[in-house]
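So you can see what is in the structure, the chains are spelled out below.
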Amino acid sequence: MFEILQAAKEEESLGRDIIHLEIGDSSPLNNVQIFNLLKKNLSNAESLQYSPSEGEKKLREAFLYHYKILCNHNFTIDNVVVTPANAAISQVINSITDVGDAMLLPDPGFPTFSLSAQYFEVKKVLYELDQKEGYQLNVKDIKDKINSNKTIKAIIINNPSNPLGIYHDLTDIDEITKFCEEKNVYVILDDTYRCLIYNPTYKRNIHRSNIIYIYSMSKDTASPAMRVGCVVGHESVIKSISKHNSLFYSCLPKFIQLAAAEYLMEDHRPYRIAMRDEMISRIESIDKVFKQTDTISYVKPNAGIYFWINVHKTGMSGKELSLKLLKESGVCVCPGDAFGPSGMNYVRICISGDKRLLVEGVNKMYNFFVKNLG
Ligand SMILES: Cc1ncc(COP(=O)(O)O)c(C=O)c1O
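Quantities reported herein were computed from a predicted structural model and do not represent experimental measurements. (Residues numbered from 1 in each chain as written. Predicted model: local features only at pLDDT ≥ 70, side-chain atom pairs only at ≥ 80, totals over all residues.)

### Considering the overall build of the protein
Thinking step 1. Scanning the protein from N- to C-terminus turns up 12 helices and 12 strands.
Thinking step 2. Its C-alpha radius of gyration of 21 Å places the protein within 12% of the 21 Å reference for a compact globule of 374 residues.
Thinking step 3. Each principal axis of the C-alpha distribution contributes one length, and for the protein these read about 55 × 55 × 40 Å.
Thinking step 4. Partitioning the intrachain contacts of the protein with sequence separation of at least 6 by distance along the chain shows that 74% fall at a separation of at least 24. (Helix = DSSP H or I, 4+ residues; strand = E, 2+ residues; numbered from the N terminus. Rg over C-alpha atoms; globule rule 2.2 N^0.38 Å. Contact = placed C-beta atoms within 7 Å.)

Shown next, in the form of structure tokens:
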């Protein structure tokens, strides 16, 4: 990722316009409700006070309100802490593992999973999400890996997935979670894209005591700058994260937390529905363009904000292709190897940015793919 961003900067310093499709940012999908709540909550000196390191009670209650419904489980206030999701990944890993333990991570998967395990000297055992299987969880493979390695303390499941833009079958998640519960293995369920599932019948009400949920408001409310997320799970994990917050940054800004709490408890369905419809329409129109060439292949996204594209037939790796695409067509995409070894021949594009630039970028990519059939 660093290499391609550096190369894009160099092109821009030469005066070239580059279309950026590499970063997972939905903020261009302007959320006016959030803007207004932020302004309203930054109204007097009190809004700049410190707040508790476990988060504002009002925001914790708002998160609980949603998780109680989602999981059909009666969580208490001691089961939730406010923290940015990116930090939460490391905080959870730190609180449940010791040096030398192992963890099961998705390949491909969000890079912080692997970087964090590495940082805490936890051994990474990868489970592959295979294009041929529609990127569904291979339950047997995961069970075999857990059975053959007694040092595995946890598995991370990211549903829906970054970078894949697909959701996993709930029956598989339930079977794995049940199996892990029997084996005393934690399931870290990264829920960041849970409100971005484009199937209205998808419901979730499976909860088990070994699940630790991580959620971020960044993507589905189009507000990554708020840095608001949460962890829901066992009290001991929540306490440990709260201590960590207190030690490292004390708390998130109070006015942001109060705005987030109000948003979660207000009717925010109109924005959610508009965003979902917009994403569905973008997926359809990108699919229409890309499916005209068989130089590339992909599983059409049904969730999230990404297309994960197999570029194997161009004869280039994802990294080589990204650099060539940048130089020849002025489009910056994310090389797949940033997400794990199975991403070597893939690139990821984010589809929640500026619409005009997205359409232009996708058309340029299409022309590039047609020209570069390996
Ligand atoms: C799967 C996943 N988890 C966690 C995060 C981190 O979210 P945040 O940037 O809101 O901290 C991201 C961000 O891209 C993500 O894709």
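### Section: the packing of helix H4 (residues 85–96) against helix H5 (residues 111–119)
Thinking step 1. Put simply, H4 and H5 touch, their axes get as near as 9 Å, and they point 40 degrees apart. The orientation of H4 with respect to H5, classified from their angle, is oblique. For the crossing formed where H4 meets H5, the hand is right-handed. Contact residues: Asn86, Ile89, Ser90 and Ile93 in H4; Thr112, Phe113, Ser116, Ala117 and Tyr119 in H5.
Thinking step 2. Split by residue class, the contact of H4 with H5 holds 5 nonpolar, 4 polar and no charged. (Axes fitted to C-alpha atoms, helices over the stretch in contact; angles between N-to-C directions. Parallel < 35°, antiparallel > 145°, perpendicular 65-115°, else oblique. Left-handed = near helix turned anticlockwise from the far one by under 90°. Nonpolar A, V, L, I, M, F, W, Y, C, P; charged D, E, K, R; others polar.)

### Considerations on the domain arrangement of the protein
Thinking step 1. Domain boundaries assigned for the protein yield domain 1 (2–24 + 270–371) and domain 2 (33–265).
Thinking step 2. Placing a centre on the C-alpha atoms of domain 1 and another on those of domain 2 gives a separation of 26 Å.
Thinking step 3. If you look at the interface, domain 1 gives 24 residues, while domain 2 gives 27 residues.
Thinking step 4. Contributions of two or more residues to the side of domain 1 that touches domain 2 are made by helix H10 (269–290) and strand E9 (306–310).
Thinking step 5. A total of 5 residues in the side of domain 1 that touches domain 2 trace back to one element, the largest contributor, which is H10. (Domains from an automatic or database assignment.)

### Re the site of the ligand
Thinking step 1. Neighbouring the ligand are 13 residues; Ala85, Asn86, Asn162, Ser216 and Ser218 lie closest to it.
Thinking step 2. Residue composition of the shell around the ligand, grouped by class: 4 nonpolar, 8 polar and 1 charged. (Near = placed C-beta within 6 Å.)

### Side note on helix H2 (residues 32–41)
Thinking step 1. Restricting attention to buried positions, one finds in H2 the residues Ile34, Leu37, Leu38 and Asn41. Each buried residue of H2 sits inside an arc of 100 degrees when the element is viewed along its axis, so together they form one side. Away from its buried face, by an angle of more than 90 degrees, H2 presents the exposed residues Val32, Phe35 and Lys39.
Thinking step 2. Taken together, the buried residues of H2 touch helix H9 (254–265). (Buried ≥ 20, exposed ≤ 12 C-beta atoms within 10 Å, placed from the backbone. Arc of directions from axis to C-beta.)

### Some thoughts on H4
Thinking step 1. For H4, with 12 residues, the first-to-last C-alpha span of 16 Å sits near the 16 Å given by 1.5 Å per residue.
Thinking step 2. Of all the 12 residues making up H4, 9 are buried; the element is thus mostly covered by neighbouring parts of the structure.
Thinking step 3. Looking at H4, one finds that the buried residues are Ala85, Ala87, Ala88, Ile89, Gln91, Val92, Ile93, Ser95 and Ile96. (Expected span 1.5 Å × (residues − 1).)

### Examining the environment of lysine 355
Thinking step 1. By secondary structure assignment, the location of lysine 355 is in helix H12 (residues 355–371).
Thinking step 2. A count of 15 C-beta atoms within 10 Å places lysine 355 in the partly exposed class.
Thinking step 3. As a C-alpha pair, lysine 355 and proline 28 span 327 residues in sequence and 8.7 Å in three-dimensional space.

### Examining the nonpolar core
Thinking step 1. Val92 and Val231 are the most contacted members of the largest nonpolar core, which totals 62 residues.
Thinking step 2. If you look at the next biggest cluster of nonpolar residues, it comprises 43 residues, including Val311, Ala338, Ile351 and Met365. (Core = buried A, V, L, I, M, F, W, Y, C linked by C-beta atoms within 7 Å.)

### Structural notes on the pairing of strand E5 (residues 152–158)
Note on strand geometry: in a regular strand, side chains alternate between the two faces of the sheet.
Thinking step 1. In terms of residue burial, E5 counts as a mostly covered element, since 6 of its 7 residues are buried.
Thinking step 2. Alignment of E5 against strand E6 (residues 186–190), held across 5 bridges, turns out to be parallel. Bridging from a neighbouring strand, isoleucine 156 pairs with isoleucine 188 of E6.
Thinking step 3. Note on the crossover from E5 through helix H7 (residues 170–182) to E6: the handedness is right-handed. (Pairing = 2+ DSSP bridges. Right-handed = clockwise from strand over helix to strand, strands pointing away.)

### Here we look at the sheet that holds strand E11 (residues 334–335)
Thinking step 1. If you walk across this open sheet you meet the 3 strands as E9-E12-E11, and the pairing is antiparallel. Where the open sheet ends on each side, the last strands, each with one partner, are E9 and E11.
Thinking step 2. Two strands pair when backbone bridges link them, and E9 and strand E12 (residues 346–350) are joined in this way by 5 bridges, in the antiparallel orientation. Note that in E12 the partner of tyrosine 306 across the bridge is cysteine 350.

### Digging into the sheet that holds E6
Thinking step 1. Pairing in this open sheet of 7 strands is mixed, and the strands run E2-E8-E7-E6-E5-E3-E4 from one edge to the other. At either end of the open sheet lies a strand with only one pairing partner, and these are strand E2 (80–82) and strand E4 (123–128). Averaged over all neighbouring strand pairs, the angle between strand axes comes to 20 degrees, with direction disregarded.
Thinking step 2. As paired elements, strand E3 (residues 102–107) and E5 share 3 bridges and run parallel to each other. Among the inter-strand pairings, leucine 104 is bridged to a residue of E5, identified as isoleucine 155.
Thinking step 3. Packing against the sheet, helix H3 (residues 57–71) makes contact with E2, strand E7 (211–216) and strand E8 (229–232), and its axis sits at approximately 130 degrees to E2.
Thinking step 4. Together, E3, E4 and E5 form the strand contacts of H5, whose direction differs from that of E3 by roughly 160 degrees.

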